[in-house]
Amino acid sequence: MPKNFNFRGRSLALPRTHKIAVAGAAALGAAAVGISAVPSEAQTTTPQAAPQVAQVAYSTEQIKDVKASVTDQLAGASLKAEQIEAKQKAEAAAAAKKAAAKKAAEAAAKKAAAAREAKEAASRAAKRAAVKKVYPNNLDGWIRESLDIMKKHGIPGSYDGIKRNILRESSGNPKAINNWDINAINGIPSKGLLQVIPPTFKTYHVPGTSWDIYDPVANITAACNYAADRYGSMDNVNSAY
């Protein structure tokens, strides 16, 4: 019967041959484990690294920037439109103001021209008045001057009609006086070229002539004014009137 051996507390020493055998068995086991871990389809060459997929980075800051840019563009367009509209309004207002100024200038020019024309007309009239027409101091001159005055006052009469009555009444003597007819008897004798009594001369006196009943022009003009009122014209008088 074998003896009991107590190995507690001691190690069993293997001979050298046993150590070699154990080492060989361990090597074979490791190799087997390595072979079993490699897939059958695996290539012996070293595989190349797979291409890296680019990572796309998204940022909310970029979206905000785009939105802000669009808003700025819209605001800029709106501001530009307002500026264009304001410019057009300003141009229209300037054009209207220019047209109004032109119209006012034209009106002022017309007014000034009218005033100048009126002034020139007044000046011409004044010059004509200053250059008084000179009539001969005789029967012909007296009749012609009286006719010009009668024309201004619308009193009818002709040269021949006046001369004819003068020659019959006074023979052309401006100082002639009738002291024998009924008028003389009544104290109001007929006087002058056309033998006018003082009350008739006073009533039919024409402005612009003398108040002297013996003045040739004043006498002729007053007598013709009376004849026009009573007979229509001195031309219609052929006898004492």
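Description of the structure in this document. Predicted model, so just to flag it, every value in this text is computed and none were measured.

## Digging into the packing of helix 3 (residues 139-153) against helix 7 (residues 216-231)
Two numbers describe how helix 3 lies on helix 7: the axes approach to 9 Å, and their chain directions differ by 50 degrees. Comparing their axes, helix 7 and helix 3 come out oblique. The crossing of helix 3 and helix 7 is right-handed. Across the interface between the two elements, Trp 142, Ile 143, Glu 145, Ser 146, Ile 149 and Met 150 from helix 3 touch Pro 216, Val 217, Ile 220, Thr 221 and Cys 224 from helix 7.

## Examining the nonpolar core
Judged by nonpolar contacts, the single largest core of 24 residues is most densely connected at Ile 143, Ile 162, Ile 166, Leu 194, Ile 220, Cys 224 and Met 234. Secondary-structure elements contributing two or more residues to this core are helix 3, helix 4 (159-169) and helix 7. Among the elements that make up this core, the one with the highest residue count is helix 7 (seven residues). Apart from the residues within four sequence positions on either side, Ile 143 is in contact with Tyr 159, Ile 162, Lys 163, Ile 166 and Ile 220.

## Points about the packing of aromatic side chains
One pass over the structure, following the stated rule, counts two aromatic pairs. A ring pair is formed by Tyr 204 and Tyr 226, whose centres lie 5.4 Å apart and whose planes are at 70 degrees; its orientation type is edge-to-face. Of this pair, Tyr 204 sits in the loop between helix 6 (198-203) and helix 7 while Tyr 226 sits in helix 7; the two residues are 22 residues apart in sequence, bridging distant segments of the chain. When the ring of Tyr 226 is compared with that of Tyr 241, the centres are 6.0 Å apart and the planes differ by 35 degrees; the resulting orientation is tilted. Of this pair, Tyr 226 sits in helix 7 while Tyr 241 sits in the segment after helix 7, and the two are 15 residues apart along the sequence. The exposure class of Tyr 226 is buried, given its relative accessible area of 12%.

## What to know about the environment of Lys 133
You can see Lys 133 is positioned in the loop between helix 2 (60-130) and helix 3. The class of Lys 133 is exposed, set by a relative accessible area of 52%.

Parameters at a glance
Residues numbered from 1 in each chain as written. Predicted model: local features only at pLDDT ≥ 70, side-chain atom pairs only at ≥ 80, totals over all residues. Heavy atoms only, no water. Axes fitted to C-alpha atoms, helices over the stretch in contact; angles between N-to-C directions. Helix = DSSP H or I, 4+ residues; strand = E, 2+ residues; numbered from the N terminus. Parallel < 35°, antiparallel > 145°, perpendicular 65-115°, else oblique. Left-handed = near helix turned anticlockwise from the far one by under 90°. Contact = heavy atoms within 4.5 Å. Core = buried A, V, L, I, M, F, W, Y, C linked by side-chain atoms within 4.5 Å. Buried < 20%, exposed > 50% of the residue type's maximum accessible area, 1.4 Å probe, protein only. Phe/Tyr/Trp six-rings, centres within 6.5 Å; stacked < 30°, edge-to-face > 60°.

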